[in-house]
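Listed here are the chains, written in short residue letters.
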Amino acid sequence: MLIEQIIREKITQAVHELYSQDIQPETVQIQGTRKDVRGDLTVVVFPYLRFSRKSPEQTAVDLGNFLKENVAEISDFEVVKGFLNLVISARYWVNLLSGIHGTEAYGFTPATEASPLAMIEYSSPNTNKPLHLGHIRNNLLGFSLAEILKANGSKVVKTNIVNDRGIHICKSMYAWLKWGEGKTPETTGIKGDHLVGDFYVLFDKHYKQEISELQGKGYSKEEAEQQAPSIQAARELLRKWEARDPETIALWSKMNQWVYEGFDVTYRELGVGFDKIYYESDTYLVGKEEVMRGLEKGIFIRKEDQSVWADLSDEGLDQKILLRSDGTSVYMTQDIGTAKLRFNDYPIDKMIYVVGNEQNYHFQVLSVLLDKLGFEWGRGLHHFSYGMVELPNGKMKSREGTVVDADDLIAGMVEVARKTSEELGKLEGYSEEEALDTYKTIALGALKYFILKVDPKKNMLFNPEESIDFNGNTGPFIQYTYARIRSVLRKAEERGIVTTLKNSGLFSLSVKEQDLVKTVSSFPVIVKEAGEAYSPALIANYVYNLVKEYNQFYHDHSILAETDEDIRNFRLVLSETISRIVKSGMGLLGISVPERM
RNA sequence: GCCUCGGUAGCUCAGUUGGAUAGAGCAACAGCCUUCUAAGCUGUGGGCCAUGGGUUCGAAUCCCGUCCGGGGUACCA
């Protein structure tokens, strides 16, 4: 049993015996003792003053004496300012570490047959342009969240809804037909998603030009936007697509395929993936059917112009459009259809949407709409809402060209990792392939950690001028510490050191060593909290703190020294345990750790 | 206007269910490579936790007001 639990129960008992009051063990407040004060754990005694009718100091002394007599692991206590600081015996810490060291996948709860199934939707790109930094945050959060939920004993299906139809892709198609000269990713050597994105930009360029020309001829802005030949042509393509015109469908398939091949490369670089991919072209009609069903049942209303609406004013929300006056579907319609298909396909207990906070209102509405349509899981939807990535001059806007392209960013990071590594003279003796592999691991570690360490719900800032750091509170810092521990362990093995952890209780532990065991032992709590709060940032900051503590320890203590065998072994086991926690913690973030760097 | 999220060091961010003297990194300055990897470690400076009230033994944390900023708010996705 953990020492905290023992203390809780004994404090409960003490309050009962000394002050004749019954309290709940869970309510006993225990926290780590401040670094500058003697002790390991601290009990807050203020809540018991009204029972004891004594000063905080006297109450703390009473309880301290009781604990010291009744708990073997408590070797001493000290009272400072009414806080009861308990000193825990070295024997306890050694036992604790030994237990952790012997536990497979410490802190992880494997899923069983009976485990709930969570479906996580993330990424969800449009097929008209390449992925950018905003998508990276989405992808990393989604993937990490899946890993965290798995670690907490959940079955997980990762899914992606690809927004593959609509006017946006028709714009790229039109531009390609008109100015593409038959270019393909093969003939140009350009990654498919970028090539299609280039035509999207090209479309926009011509479109804008046409608008200004029309405005010069006396058209209003709105008229010009409607009348421009390019947009007319794109709309015509959309009509043909919806009419299943074979030629249009073929072109659509071809260009989307280019994009998917491009996306796959980026996904692979990021290390994310999906168990099931849905395409909007397959789901939007289902959504329409559902809306029509709702209309028949009288849940929705049709206005004079034939548009279909949901009136959610009794829910404190507005009216929401579900089908346009021309009968075409909107964003909401598609999400209804996609949700229905998913729940047909899987026994989903929890549906999680990883989508930016600009969609908060949308998901509030979606939840209510699904509920009204009679899906009992509607209310249970969870919108994992995250803040946007901002640039120093504000929001990323694709139309203004202020986006940070995902592929460019990754390539740049790898280049910096390579340079830094070469300057430091690391990785000597590694083959070129091994080295490149490590550079990628470090680069992606830096990028992923940079994004995941921030509280998901907050907006975050990315400054492209200052490339992502490799020093300090960063992924590479954590990876570096891991690599160094692995190096120590390799050396120990070379020297034939066999580590058996003795608990003679004859040696004492430094404060740092106790702190490290304490921090390590709280890993399961952090994993659980991260799962409940859906927050990879909790894991990231925990791992950083652990590694920071270890680094300080590393410089103060010799691990391989032939001093006292028991102490040396304790330190080796401690190091090994920490390396394992670091590896699994980083694994929850989708960050791998190199054996050398 | 209404809804919603945020405001902590010059900058980027932490801050457990309300707990002791507010925590890191970056940037600046001063040290530390002959031991296990210096992508590191140690030290110095840097704070009205936006602001005014309230709740209580105790508030960056909870409640109310104000100011500033982001996002959303009926036919974009």
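Residues numbered from 1 in each chain as written. Chains lettered and ligands numbered in written order. Predicted model: local features only at pLDDT ≥ 70, side-chain atom pairs only at ≥ 80, totals over all residues. Heavy atoms only, no water.

**Examining the sheet that holds strand β10 (residues 319-323)**
Working step 1: Spatially, β8-β9-β10 is the arrangement adopted by the 3 strands of the open sheet, whose pairing is antiparallel. Only two strands of the sheet have a single partner each, and these edge strands are β8 (300-302) and β10. Averaged over neighbouring strand pairs, the angle between their axes works out to 35° when direction is ignored.
Working step 2: Note: strand β9 (residues 308-311) against β10, 4 bridges, orientation antiparallel. Note that in β10 the partner of V308 across the bridge is L323. (Pairing = 2+ DSSP bridges. Helix = DSSP H or I, 4+ residues; strand = E, 2+ residues; numbered from the N terminus. Axes fitted to C-alpha atoms, helices over the stretch in contact; angles between N-to-C directions.)

**Here's the deal with the packing of helix α6 (residues 167-179) against helix α10 (residues 229-242)**
Working step 1: Where α6 meets α10, the axes come as close as 8 Å, and the angle between the chain directions of the two elements is 110°. Here α6 is positioned roughly perpendicular relative to α10, judged by the angle of their axes. Handedness of the α6/α10 crossing: right-handed. On the side of α6, the interface is formed by I167, C170, K171, M173, Y174, L177 and W179, while α10 contributes S230, I231, A233, A234, R235, L237 and L238.
Working step 2: Of the residues that constitute the contact of α6 with α10, the class distribution is 11 nonpolar, 1 polar and 2 charged. (Parallel < 35°, antiparallel > 145°, perpendicular 65-115°, else oblique. Left-handed = near helix turned anticlockwise from the far one by under 90°. Contact = heavy atoms within 4.5 Å. Nonpolar A, V, L, I, M, F, W, Y, C, P; charged D, E, K, R; others polar.)

**Examining the sheet that holds strand β6 (residues 155-162)**
Working step 1: With parallel pairing, the 5 strands of this open sheet are ordered in space as β7-β6-β5-β11-β12. Each having just a single partner strand, β7 (276-279) and β12 (382-386) make up the two edges of the open sheet. Recorded for the sheet is a direction-independent mean angle of 25° between the axes of neighbouring strands.
Working step 2: Judged from the 4 bridges that link them, strand β5 (residues 117-121) and strand β11 (residues 350-356) form a sheet pairing that is parallel. Bridge assignment links M119 to a residue of β11, and that residue is M351.
Working step 3: Sheet contacts for helix α12 (residues 280-296): β6 and β7; angle to β7, the most-contacted strand, approximately 60°.

**Some thoughts on the protein's contact with RNA strand B**
Working step 1: Residues in contact with RNA strand B amount to 70 residues; listed here are only the nearest, D305, W309, R324, D455 and Y480.
Working step 2: Sugar plus phosphate: this is where 60% of the atoms of RNA strand B within 4 Å of the protein reside.
Working step 3: A distance of 3.1 Å separates a base oxygen of RNA strand B from a polar atom in the backbone of S325.
Working step 4: Here a phosphate oxygen of RNA strand B sits 2.4 Å away from a polar atom, N or O, in the main chain of D455. (Near = heavy atom within 4 Å. Polar contact = N/O pair within 3.5 Å; in protein donor to acceptor, adjacent residues only side chain to side chain.)

**Observations regarding the pattern of salt bridges**
Working step 1: Per the stated rule, a full pass over the model turns up 27 salt bridges.
Working step 2: Between D515 and K35 there is a salt bridge whose closest N-O contact spans 3.6 Å. Note that D515 is positioned in helix α18 (residues 511-521) and K35 in the loop between β1 (30-32) and β2 (41-44), a separation of 480 residues in sequence.
Working step 3: Note on D515: relative accessible area 9%, which makes it buried.
Working step 4: Relative accessible area serves as the criterion here: at 63%, K35 is assigned to the exposed category. (Salt bridge = Lys/Arg side-chain N within 4 Å of Asp/Glu carboxyl O. Buried < 20%, exposed > 50% of the residue type's maximum accessible area, 1.4 Å probe, protein only.)

**Remarks on the environment of V291**
Working step 1: Position of V291 relative to the elements: it lies in helix α12.
Working step 2: Since its relative accessible area comes to 0%, V291 is described here as buried.
Working step 3: Sequence-wise, V291 and L366 are 75 residues apart; in three dimensions their C-alpha atoms are separated by 12 Å.
Working step 4: When near neighbours in sequence (up to four residues on either side) are disregarded, V291 contacts F300, V308, L322, L323, T333 and I336.

Treat this as a map of the structure, not an account of what it does.
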